[in-house]
Each structure stands twice: as structure tokens, then as C-alpha cells.
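Chain residues, written in single-letter form:
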Amino acid sequence: MLGFDFNSAISNFALTWLPVMFFLLMCIVVYLLWKTVKLMPRVKPMEITPGSASAVTWDDVAGLDEAKEELQEIVDFLRDPARFEALGARVPKGILFHGPPGTGKTLAAKAVANESGARFYAQSASAFVEMFAGLGAARIRKLFEEARKNAPSIVFIDELDAVGQARSGHSFNREQDQTLNQLLVELDGFGPRDQVVVMGASNRLQDLDPALLRPGRFDRQVLINPPDLKGRRAILDVHTRGKPLGDDVDLDGVARQTSGLTGADLQNICNEAAIGAGRNDRATLTHADFDYALERVVAGLQQRRVVTDKEKRILAYHEAGHALMSHLVGNQPEKATIIARGTALGYVLHLPEEERYLETKEELLDWMVMALSGRAAEEIVFGRVTNGAANDLEKVTQIARAMVFEWGMGESVTSRTMRADNYALSEETKRLRDTEQARLTDAAYADAVRLLSKHRGALDRVSAALLEKETLDRDELAALFAGVEPESRSSDSVGVVRALGVDPTG
Ligand code: ADP
Ligand code: MG
Ligand code: ZN
């Protein structure tokens, strides 16, 4: 060696520099952690003071008459708790709204708060589900502390299923459990004197942890359904308030065409209509604006996608099949189109004649035949079928299944349910059930093919007109159907019997 102590040079180097490097590394780690924490959204609870600009009044909530009646009780209690206490009444402290999204759950809770002069605190339960253990629970504690301090108040917890999901044995999530436990502690921890009412909202009541639904917690449940015809009309009134409407605007018509839509959808339609009028530099909203908005909201953006001529021909026959069959079963179609909207390549639009919750078996059968007529037309005309009917088939399968499994509308299954979750059913019964379901759909399809073949001339006419104009309205369709007599089987039991292939007389 040359007298150079290699080993000591190395250790010298290590001794001086390693601690420095270690220190720098730690700095970087701390900095990154700090940044992550800082970047994490700190979701603050929403807070609305009664009477402020963002407060919601009963007048802003339309159509939820039954729910409103129930909620009025809470309003009365918060306004004058002494009256109820004198009577020894136990006022519910937890109210759970459930129903599909956009039906006005948050809106109703806000209105209750404002009407009763209570401060409104809202936070989505997903904000409590944190990646650091204990943080969610701490947030809940803080939220309730604040609410109690400023009583009377309403604590609204949206998306309750995010913390309140039924605890399943295998997926053990400690953080979620801590959060849920804290919520239960808070719910149990205040009495009627505190003048705090907790409201929760959930789309999936069945998933909620049963502990949340025990008496003294969320023991009052308010179901909020999508609005019916009258409700939709009232909601449209709310959302056209302050919008200048032209004389030709028919809100009754809009309400009729929006069966199944929620308050949020209707608000969206009114807004789109106003935007449409603005874009066209008009001072008032016209019928056409609502038509446009309706289509836009119902079927997605109006955007033409490139469809080949061959595809177009198939599409035209498919939609013509649906349209002709609805005429045949006595349900006048409002519109048929082969212009793609959203995910649907084309569609046939109906106006429901009236709101109905009960359907007869015959109507359901007619409905299935109508839904299968797109595919039937393809088969009759082209001798082959496409995957374009997947959606139709799905709906028909669901209906047929419900008819046999749940509504006792099978052939021999007429007085009991045979649900899929009933494990007591014998293999034989299950086989029978599946056979009957298949028979219903097969008979409906056969009927569609038979009826459309019989009226092949009209089918050709409608599809040719669709190819030419792409969209046909009610009058144009009616002209094309001239001379084709409806074969409604809803009022003709012989037809149904024929469809099912059974004859009660022999
Ligand atoms: P949810 O909480 O049930 O998902 P929201 O209360 O958030 O629904 O409703 C969203 C919006 O839709 C509301 O802000 C309101 O503009 C409108 N809306 C929903 N339901 C109604 C209703 N019954 N009356 C008036 N507007 C409604
Ligand atoms: Mg909501
Ligand atoms: Zn179809």
C-alpha cells in the first residue's frame, strides 16, 4: 500500500456526511408529508343561518306534501319546545330521509331548518371517512359540539351509507367503525332539551347499519319518491318562478312528458330552457326552448354520431317496429327518431296518459311485445338481428321475471311469489318458475313477429319516412298509421290467451 489508509478515509467521509444527508432526507420527507396534508381537501361543514340568502323556505319545496306534513311537526317542536315538553312528548331527534338522488332530501332538510329558525349544519358522511384513524370521529365530535353550542340547530348528514354501512364480519375497517361509533355516541348523547335534531339522507336504506335505526337514533324515516304528475307540475312552477314565460309554454305538457324524472332533473330542464332562450337572444322562454331542454336532459346531449347507411336502415326498421307496435297496442307514440341521443341510438317516446301505479297483466304483456318489436322488425326485414336491442331485452327480462317471481302472473304460478332469495323453493319449483319466465318473453317475441309481419306495409312506410326525416312527430306518425287498426289486447283477453298459448276453456 502507499500509506494511504483507505478504510479511515471512508469512515471519515461517512462520519461527516452521513448525518448531513440523513438530515436533508428527513427534511424532504417532512416537507412532502406537510404538503400532502395541506393538499387534502379540508371539507368544512356547510352552515346556513335562518333567514340568510341561502336559506330555503317551504315555498321552494314543491310536491313533497306527505313529507312536509311529517316535517312540520319537527318545525313546531323546534319553534316551541316547551309546549311539547309540557305534554311529555318525546320528539324524534333523528330523521332519516331516503329516496333516489335529486328528489329533494337536502332541500327539505334545509327548509325545515329555516322554517323553524334553526341553524343548519350539513356535512357529507364521506367527509368523515378519513385515511387517518380517529380523524373522522374527531370531525363528528366537532360538528355536534358546534351544533349544540348554537342550538336550536339541525345537523344534516348526507350520504349516511358512507359511514353507516352494515358492518360485515370479513372486511373489518377500524376507522369506519370508530366513525360510526362516534356518530352513535353523539346521537345518544343529547336529550330533547338540547334542541338539536339530526337528519340523515341515504339512497340505500337496506345497507345501513341497523344500530343507526334503533329507537332514539334515526327512528323516524321519511321516504321521498320521485314526484308524480302533480308534483312535477308544482316543481316546474317553483323553477320557472322569475323566468319570463312565453304564451305558448305548456308546463302541464312538460310535466306529462317527464314521468320518472326527479326535482333535480326538472330544475335542470328549466335552466336549460332559459339558457336556450338566452342563446337565441329571446326575451322570453318559448315552447321550443322547453322541447329542446327536455330532449337534452332526457336523452343526453343532442349530438349526431356518424352512422353508416346500412346501420341507419337497420335503426330505422328497429324504431319503426317499436313505433308501429305501440300504435297496434293502442299507445300512440309521441315521437320516433333515429338520431342518437346519449347512449340510445334512437328511441320512441310515449306520453303516459295518466299516472299509474298498477298495471294489469295484459298491459305488461303489451308492453313486452312493444319492447321486443325493435328486434322483431330487424329479424323480419333483414333475417338477422343486431346487438342494438340489448337494452330492450334487459327491460323485458326484468318485467317477465317480476311477473313470475313476484306478481303471480305466470301461467300456473298465479297465487304465490317465487323470489330468487327464497331458499325454501324446491329445484322443481325453480325450474317451473324459470320455464314460465322464458315462456312469457318467448310468447311476446313471437307475437311481435306475427303482428309486424301482418302489417309489413305500414312497417315499411314508417321506416322509409324515418330514413327520410330522421324524426317523426305524433301527427306524422298518425298519418302513416292511417288505416291500420289497433289490435289492443289490454282489453282483449283472447289475445292474451293466444299470446300465452293457453286456453282457459279447454
Ligand atoms: P337530494 O338531496 O335528494 O339528492 P337535492 O335536495 O339536493 O336532492 O335536490 C337537488 C335540487 O333539485 C334542489 O336544489 C332543487 O333545486 C331541485 N329539487 C329537487 N326536489 C325538489 C322539489 N321537491 N321541489 C323543488 N325543487 C326540487
Ligand atoms: Mg342531497
Ligand atoms: Zn329498441
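Here, the structure is the one placed above.
The shown structure was predicted, so the numbers you read here are calculated from the model rather than taken from an experiment. Per chain, the residues get numbers from 1 upward, laid out in the order the sequence is written. Whichever chain is written first is A, and whichever ligand is written first is 1; the rest continue in order. With pLDDT at 70 or above as the cut-off, local features in this predicted model cover only qualifying residues; side-chain atom pairs require 80 or more to be listed or tallied, and sums for whole chains, interfaces and linings still use all residues. Only hydrogens and water are set aside; all other atoms, that is, all heavy atoms of the structure, feed into the side-chain values.

A. How the structure looks around the coordination of the zinc ion (ligand 3). Here a donor is any nitrogen, oxygen or sulfur atom (N, O, S) within 2.8 Å of the metal, with 3.2 Å used for Na, K and Ca; water is not among the atoms considered, so some sites may look incomplete. Taken together, the protein donors to the zinc ion (ligand 3) comprise H318 (NE2), H322 (NE2) and D392 (OD), at separations of 2.0 to 2.1 Å. Read from N- to C-terminus, the donor residues coordinating the zinc ion (ligand 3) fall into the pattern H-x3-H-x69-D. Here H322 and H318 lie together in helix α12 (residues 309–328), a separation of four residues that amounts to about one turn. Three exposure classes are used, based on accessible area relative to the maximum for each residue type with a 1.4 Å probe and protein chains only: buried under 20%, partly exposed in between, and exposed over 50%. Residue H318 is classed as buried on the basis of its relative accessible area, which comes to 6%. Judged by its relative accessible area of 10%, H322 falls in the buried class. Only runs of H or I of at least four residues qualify as helices and only runs of E of at least two qualify as strands under DSSP, and these elements are numbered from the N terminus.

B. Region of the structure containing empty space enclosed by the protein. Buried and open spaces are told apart on a 1 Å grid over the protein atoms alone, a cavity being a set of points where a 1.4 Å probe fits but cannot get out and a pocket being an open set with protein on both sides within 12 Å along at least five of seven lines. Residues with an atom within 4 Å of a point are the lining residues. Grid points are joined across faces, edges and corners, and a volume is the space filled by probe spheres set on the points. Going through the model one piece at a time under the given rule, you end up with three cavities of 30 Å³ or more. Volume-wise, the largest cavity comes out at about 50 Å³. If you go around the largest cavity, the residues you meet are I48, T49, P50, A55, V56, K110, A113, N114, A118 and F120. If one sorts the elements of the lining of the largest cavity by residue count, helix α4 (residues 105–115) sits on top with three residues. Residue composition of the lining of the largest cavity, by class: seven nonpolar, two polar and one charged. Each residue receives one of three labels: charged for Asp, Glu, Lys and Arg, nonpolar for Ala, Val, Leu, Ile, Met, Phe, Trp, Tyr, Cys and Pro, and polar for the others, Gly being one of them.

C. Highlighting the site of ligand 1. Near ligand 1 lie 16 residues; those nearest to it are A62, G102, K105, T106 and H239. With respect to ligand 1, the backbone of K105 contributes an N or O atom lying 2.9 Å from an oxygen atom. The definition of a polar contact used here is a pair of N or O atoms within 3.5 Å, where within protein one atom must be able to donate a hydrogen and the other to accept one, and adjacent residues in sequence count solely through side-chain atom pairs. Contact between ligand 1 and A264: an oxygen atom at 3.4 Å from a main-chain N or O atom of the residue. The fraction of the free accessible surface of ligand 1 (560 Å²) that becomes covered by protein chains is 82%. Looking at the shell around ligand 1, the elements with two or more residues in it are α4, α8 (229–240) and α10 (263–279). For the shell around ligand 1, a count of residues per class yields seven nonpolar, seven polar and two charged. Inspection of the shell around ligand 1 shows a minimum of three residues originating in each of domain 1 (46–165 + 177–223) and domain 2 (229–299). Whether a residue is near a molecule or strand is decided by its heavy atoms; if any one of them lies within 4 Å of it, the residue is near. The method behind every accessible area is Shrake-Rupley, applied with a 1.4 Å probe, and residues are considered shielded solely by the protein chains displayed. Either an automatic procedure or a domain database provided the assignment from which the domain bounds are taken.

D. Summary view of the packing of aromatic side chains. The pairing test for Phe, Tyr and Trp rings, Trp by its six-membered ring, is centres within 6.5 Å, and the orientation test on the planes gives stacked under 30 degrees, edge-to-face over 60, and tilted for anything in between. Applying the stated criterion to the full structure yields two aromatic pairs. When the centroid spacing of 5.7 Å and the interplanar angle of 85° are considered together, the rings of Y317 and F382 count as edge-to-face. Of this pair, Y317 sits in helix α12 while F382 is found in helix α13 (residues 361–382), placing the two residues 65 residues apart along the sequence. On the accessibility criterion, F382 (25% relative accessible area) is partly exposed. Across from the ring centre of F405, 4.1 Å away, lies the NZ or CZ of R433, which sits over that ring. For a Lys NZ or an Arg CZ to count as sitting over a ring, it must be within 6 Å of the ring centre and within 35 degrees of the ring normal.

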